[in-house]
Structures are given as C-alpha cells and as structure tokens.
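Residue-level structural notes
Each chain is listed here by its residues.
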Amino acid sequence: MTSFKLGGMTFGSLFKKPETCLYPAEKKVAPAGLRGHITIDDSKCILCGICQKACPCDAITVDKKGRVWAIEPFRCILCDSCVRACPKQALITSPDLKEIATGKYDTIVPIPDPKAKSAEA
C-alpha cells in the first residue's frame, strides 16, 4: 500500500513546479516585514552609545575615542531595540538580504568627525 503512495507522489512531482529554487542562479524574493540587518547612517551618528546600552545581546560596540561604530551581525537578534533607542535615527533595519557569510565577521563603520569638516572649510 505504501509503495502506491510513494509511486503516486513521485509520478505527481514530475509535472509540478519544483518546491525549491536553484539558489545561486535564482534568488528568493524577501517576504514582507523581513528584518534583514542593521545599517547605520554615519552622517547622523553622534556616537552617544545609547544603541550599545539598548542592545540586549551586546552586539554593538561604540568607541568614542576611536570614532568607530561596530556590530557583530551573528550576535544580533534583530529585535530593533537599538533602532528605537537611537536619538538621531541613525540606525535602520534594512530589509534586503546580505550575501551568505563563510565566516564570522564584524561590520565596522568609521564615523567622521563633524568638527574636522568645519575646520577644513
């Protein structure tokens, strides 16, 4: 009896569209409401460190002295706490999907000094 079911499923799948996609050639469309990853607008960031304090999993580090903002994407749980806590709305949750990572990495963003820009002008 079970061989008839298996044969029916196999024969039926010959005429259906495949359930999966051919990944490198075809990419799936991101579903609505997807939280892809955290991105920062470095021109708005004032390095206040509120996002670092709001992050429940310590994925964000803010180095005020070195003027560097960094996030460990593998630690981030995409809860949007940092996005809601940012007073300058410098952080956003970008819905686009990133490329597949082959190893652990940090996203490090140098924040330009606004005083240096005004001194140059």
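Nothing here was measured: the structure is a model prediction, and the numbers come from that model.

Conventions used here
- Residues numbered from 1 in each chain as written.
- Predicted model: local features only at pLDDT ≥ 70, side-chain atom pairs only at ≥ 80, totals over all residues.
- Heavy atoms only, no water.
- Helix = DSSP H or I, 4+ residues; strand = E, 2+ residues; numbered from the N terminus.
- Rg over C-alpha atoms; globule rule 2.2 N^0.38 Å.
- Areas by Shrake-Rupley, 256 points an atom, 1.4 Å probe, with all protein chains shown as cover.
- Lys, Arg positive; Asp, Glu negative; His and termini not counted.
- Charge placed at Lys NZ, Arg CZ, Asp CG, Glu CD.
- Core = buried A, V, L, I, M, F, W, Y, C linked by side-chain atoms within 4.5 Å.
- Buried < 20%, exposed > 50% of the residue type's maximum accessible area, 1.4 Å probe, protein only.
- Contact = heavy atoms within 4.5 Å.
- Patch = residues over 30% accessible without salt bridge, like charges linked within 9 Å, V, L, I, M, F, W, Y side chains within 5 Å.
- Salt bridge = Lys/Arg side-chain N within 4 Å of Asp/Glu carboxyl O.

1. A word on the overall build of the protein
Helices and strands together make up the secondary structure of the protein, namely four helices and five strands. Ordering the α and β elements of the protein from the N terminus gives α-β-α-β-β-α-β-β-α. In summary, the protein has a C-alpha radius of gyration of 22 Å against a globular reference of 14 Å for 121 residues, an excess of more than 25%. Of the accessible surface of the protein, which amounts to about 9300 Å², a share of 60% is contributed by carbon and sulfur atoms. The average position of the 18 basic charges and that of the 13 acidic charges among the side chains of the protein differ by 5 Å.

2. Details of the nonpolar core
Formed by 20 residues in total, the largest nonpolar core has its most connected members in Ile38, Ile40 and Trp69. Among the secondary structure elements, those contributing two or more residues to this core are strand S1 (37-40), strand S2 (60-63) and strand S3 (68-71). In this structure isoleucine 40 touches Cys45, Trp69, Ala90, Leu91, Val109 and Ile111, once residues within four positions along its chain are discounted.

3. Some details on unusual backbone geometry
Of all residues except glycine, most have a negative phi; of all peptide bonds, most are trans. Of note, the phi angle at aspartate 80 is positive, near 70 degrees, even though the residue is not glycine. Residue classification places aspartate 80 among the buried positions, given a relative accessible area of 15%. For glutamine 89, which is not glycine, the phi dihedral falls at a positive 50 degrees. Considering the arrangement of structural elements, one finds glutamine 89 in the loop between helix H3 (81-85) and strand S4 (91-94).

4. Some points on a nonpolar patch on the surface
Judged by side-chain polarity, Phe11, Leu14 and Phe15 come together as a nonpolar surface patch covering roughly 410 Å² of accessible area. Among the structural elements, leucine 14 can be located in the loop between helix H1 (2-13) and S1. Its relative accessible area of 61% is what places leucine 14 among the exposed residues.

5. Let's talk about the pattern of salt bridges
Per the counting criterion, the structure on display carries one salt bridge. With a closest N to O distance of 3.8 Å, glutamate 72 and arginine 75 form a salt bridge. Residue arginine 75 is classed as partly exposed on the basis of its relative accessible area, which comes to 39%.

Shape is all these values report; function is a separate question.
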